[in-house]
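Observations on the three-dimensional arrangement
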Amino acid sequence: MQTIINQTGISASTAGFDQEALASARNFRLIMDAMARPGNIVRLGLQKQPVGKMSAGSQMVALTLCDHETPVLLDTSLGEEPVEEFFRFHCGSSLVDDPSKAMFAFLSGVPDADMLSAFSVGTPAYPDRSTTLVIEVDGFDSQPDKGLALSGPGIRNVHYLQVSGIDAHFWKWWPGNASRFPLGVDAILVSDDAIVALPRTVKLMEIA
Amino acid sequence: MTRYNFAYLNEQTKKMIRRALLKAIAIPGYQVPFASREMPMPYGWGTGGVQVTASILTADDVLKVIDQGADDTTNAVSIRKFFKKTAEVRTTEVTEDASVIQTRHRIPETPLREDQILVYQVPIPEPLRFLEPRETETRKMHAYEDYGLMHVKLYEDISQHGHIATTYAYPVSVEGRYVMDPSPTPKFDNPKMNDCPALQLFGAGREKRIYAVPPYTRVVSLDFEDHPFEVQQWDAPCELCGARDTFLDEVITDDAGGRMFVCSDTDYCSKRQAESEAAE
């Protein structure tokens, strides 16, 4: 990753949005559409170079949603200088190590079970005070009758989804997360510039 | 875009509202607190809906705004103008042409599609507020799913009036968990919220709450086995278009007791009138 030092002396390791107001609006609509229709593969579309191990899609989620009010956790693999600088420079987010303090966690892969259960699931009075996971995966597909069968709010009948490059224990952990509703974490899976959102309401069935 | 940031609000405010919207969608029917801003219109004129619309609007959207079903009333006209000026989006009065519809208390008669979003202006988001004024208590009641009081209220309706007399802001249960105020829509519109292909977002500016019903979500009006939920019915059809399946407004026509009943959804009614004229 090459860091460019511009004339102002600010090292801008990558660009943010061109025309922030329009680009963030467009990105948010796509992210909201993904959250409202779980399992749908949504391409965010803008071409961006990865920053460290953070894909274009994760960058766009961060640029759209993170600011000084959102403590961010980076896993050890993502938490390298260019990514940390990206969050400090573009988002102004504080970087935290304690999963329970993070509003967003940007992860290069599925963390171990201990860490998964350490993220904030909100409280009965405020279930919205929970962590949103943004996890890098290899790719998505939506062939019928294969992989995962998703159901729940936002899904008409059943939605089929295949995710490659994700640790299988994520799917073992998910039903426990969903069963705590209204508590729970929400997840956004990212591959390149494509995202799939899994709000806590999603019920999963694995198909052989 | 010369004098305003796109869609009026500053970017940090939109980020905050957008995060609240995502949580609202992930927890259907739960009221997410948000840092509602002062808007250039008074509370009660749709500041919550306007902030939600401002945060979801893109340059490509086509916006429709309705007030009690009508596109040509003060509130609807001024909000439509507001977004024309601050976001330079295209606007329409035709339900089918709109991608975002902001509404004050009606759901259009034309069925909504998957690629449309309905934004409600909500005055009082808490369905339990008139039963329990303390926010600390209503928050616990939602947390414990303690909705007995709401059923008592509906029961008292029956014992006093012989039927459930609540006709608007009729409480619904969302996906079997949260009891939600559908905003003061007539209960006639409640069945349209169930399994709706469109995303439904609710903004309450003064009360600083955002909530949502994702597409294809179960929305059930509360009732009793022996007193099932029923919608309003009218004896006569709309006097302008002859529709028998729409929500009708009573319009006073003179000072001698003259009155007529017409569709509250002006777009739907004028479309039906145009169709019948074309057929003649």
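Everything that follows concerns the structure shown earlier in this document.
Counting starts from 1 at the beginning of each chain's written sequence and moves along it residue by residue. The order in which chains are written sets their letters, starting at A; the order in which ligands are written sets their numbers, starting at 1. Only residues with pLDDT of at least 70 get local features here, since the model is predicted, and only at 80 or more are side-chain atom pairs given and counted; chain-wide, interface and lining totals rely on the full set of residues. As a rule here, side-chain values cover all heavy atoms of the structure and leave hydrogens and water aside.

A few points about the pattern of salt bridges
All names here are of chain B. Put simply, the rule reads: The salt bridge definition used is simple: a Lys or Arg side-chain nitrogen within 4 Å of an Asp or Glu carboxyl oxygen. Relative accessibility thresholds used throughout: buried, under 20% of the residue-type maximum; exposed, over 50%; partly exposed, between the two (1.4 Å probe, protein chains only). To qualify as a helix, a DSSP run of H or I must reach at least 4 residues; to qualify as a strand, a run of E must reach at least 2; elements of each kind are numbered from the N terminus.
Going through the model one piece at a time under the given rule, you end up with 30 salt bridges over all chains. In this structure, Glu109 engages Arg106 in a salt bridge whose closest nitrogen and oxygen atoms are separated by 2.9 Å. By relative accessible area, which is 2% here, Arg106 ends up buried. Ionic pairing is found between Asp267 and Lys271, a salt bridge with its closest N-O pair at 3.7 Å. One end of the pair, Asp267, and the other, Lys271, are both in helix 7 (residues 266–279), four residues apart, so they sit about a helical turn from each other. Looking at Asp267, the relative accessible area reads 8%, which means it is buried.

What to know about the nonpolar core
Filter applied, for reference: The term nonpolar core refers to a set of buried residues drawn from Ala, Val, Leu, Ile, Met, Phe, Trp, Tyr and Cys, joined through side-chain atoms within 4.5 Å. Contact definition: two residues touch when any of their heavy atoms are within 4.5 Å.
Membership of the largest hydrophobic core comes to 85 residues, with the highest contact counts inside it found for Met32, Phe87, Phe106 and Ile195 of chain A together with Ile56, Phe83 and Leu201 of chain B. In terms of residue count, helix 1 (residues 20–36) of chain A provides more of this core than any other element does, nine residues in total. Excluding anything up to four places from it in sequence, Ile195 of chain A contacts Ile31, Ala34, Asn40, Ile41, Val42, Leu44, Val61, Phe140, Ile188, Leu189 and Val190 of chain A. Residues Ile155, Ala178, Leu183 and Ala194 of chain A belong to the second largest nonpolar core, which totals 32 residues.

Concerning helix 7 of chain B
Residues and elements named next belong to chain B. Heads up, the rule is: A helix is expected to reach a length of 1.5 Å times the quantity of its residues less one. Contacts described as polar in this section are N or O atom pairs within 3.5 Å, which, within protein, must combine one atom able to donate a hydrogen with one able to accept it, while residues neighboring in sequence count only if both atoms come from side chains.
Spanning 14 residues, helix 7 covers 20 Å between terminal C-alpha atoms, matching the ideal 20 Å at 1.5 Å per step. Residues Asp267, Tyr268 and Cys269 constitute the buried set of helix 7. Of the surrounding elements, those touching the buried residues of helix 7 are strand 2 (62–67) and strand 12 (259–263). Two or three places before Asp267, at the start of helix 7, stands the capping residue Asp265, its side-chain oxygen 3.2 Å from that residue's backbone nitrogen.

Focus: the side chain of Thr64 of chain A
With respect to the helices, strands and loops of the structure, Thr64 of chain A is situated in helix 2 (residues 56–65). On the basis of relative accessible area, Thr64 of chain A is assigned to the buried category, the value being 0%. At a separation of 2.6 Å, a polar atom in the side chain of Thr64 of chain A contacts the main-chain carbonyl oxygen of Met60 of chain A. When near neighbours in sequence (up to four residues on either side) are disregarded, Thr64 of chain A contacts Phe17, Ser24, Asn27, Phe28 and Ile31 of chain A together with Lys15 of chain B.

Thoughts on the sheet that holds strand 1 (residues 42–43) of chain A
Here is the rule: Each pair of strands is called paired provided DSSP finds at least two bridges between the two strands.
The strand order across the open sheet formed by six strands is 1-9-8-4-3-2 (chain A), and the pairing between neighbours is mixed. With partners counted over all chains shown, the strands left at the sheet margins are strand 1 and strand 2 (72–74) of chain A, one partner each.

Brief notes about helix 2 of chain A
Two residues of an α-helix separated by three or four positions point the same way, owing to the 3.6 residues in each turn. With ten of ten residues buried, helix 2 of chain A is to be regarded as a mostly interior element. Those residues of helix 2 of chain A lying buried are Ala56, Gly57, Ser58, Gln59, Met60, Val61, Ala62, Leu63, Thr64 and Leu65 of chain A.

A word on the state of the cysteines
All names here are of chain B. Selection criterion: Here, a disulfide means two cysteine sulfur atoms that sit within 2.5 Å of each other.
Enumeration according to the criterion identifies zero disulfides over all chains in this entry. Counting only cysteine sulfurs, Cys263 is the nearest neighbor of Cys196, a cysteine outside any disulfide, at a range of 19 Å. Under the relative-accessibility criterion, Cys196 is labelled buried at 7%. Here Cys263 falls in the buried class, since its relative accessible area comes to 6%.

Some details on unusual backbone geometry
Backbone torsion omega between Phe181 of chain A and Pro182 of chain A reads 10 degrees, so that peptide bond is classified as cis. Inspection of the secondary structure puts Pro182 of chain A in the loop between helix 5 (169–179) and strand 8 (186–191). The backbone of His105 of chain B sits at a positive phi, close to 70 degrees, despite the residue not being glycine. Tracing the backbone through its elements, the reader meets His105 of chain B in the loop between strand 4 (100–104) and strand 5 (117–121). Exposure remark for His105 of chain B: the relative accessible area of 10% places this residue in the buried category. A positive phi is found at Lys208 of chain B, a non-glycine position, where the angle reads about 60 degrees. Mapped onto the elements of the fold, Lys208 of chain B is located in the loop between strand 8 (199–204) and strand 9 (209–213). Looking at Lys208 of chain B, the relative accessible area reads 32%, which means it is partly exposed.

Observations regarding the pairing of strand 2 of chain B
All names here are of chain B. Put simply, the test is: Seen with its strands pointing away from the viewer, a crossover is right-handed when the path leading from the first strand over the helix to the second is clockwise.
Counting buried positions along strand 2 gives six out of six residues, so the element sits mostly inside the fold. The side-chain alternation of strand 2 yields two buried faces, one formed by Val62, Lys64 and Ile66 and the other by Leu63, Val65 and Asp67. With two bridges joining them, strand 2 and strand 3 (residues 90–91) adopt parallel strand pairing. Within the sheet, the bridge partner assigned to Leu63 lies in strand 3 and is Thr91. Crossover strand 2 to strand 3 through helix 3 (residues 74–86) is right-handed. By the bridge criterion, five bridges tie strand 2 to strand 4 in an arrangement that is parallel.

Quick look at the sheet that holds strand 10 (residues 219–221) of chain B
Residues and elements named next belong to chain B. Heads up, the rule is: Every angle, taken between N-to-C directions, lies between 0 and 180 degrees, and every axis is a line fitted to C-alpha atoms, over only the stretch in contact when it is a helix.
Spatial ordering of the open sheet is given by 7-6-10, a layout of three strands whose pairing is antiparallel. The outermost strands of the open sheet, each flanked by one partner alone, are strand 7 (178–180) and strand 10. Between one strand axis and the next, the sheet turns by 35 degrees as a mean value, whatever way the strands run. Examined bridge by bridge, strand 6 (residues 172–174) and strand 7 share three bridges and lie antiparallel to one another. By the bridge assignment for strand 7, Ser173 is matched with Val179.

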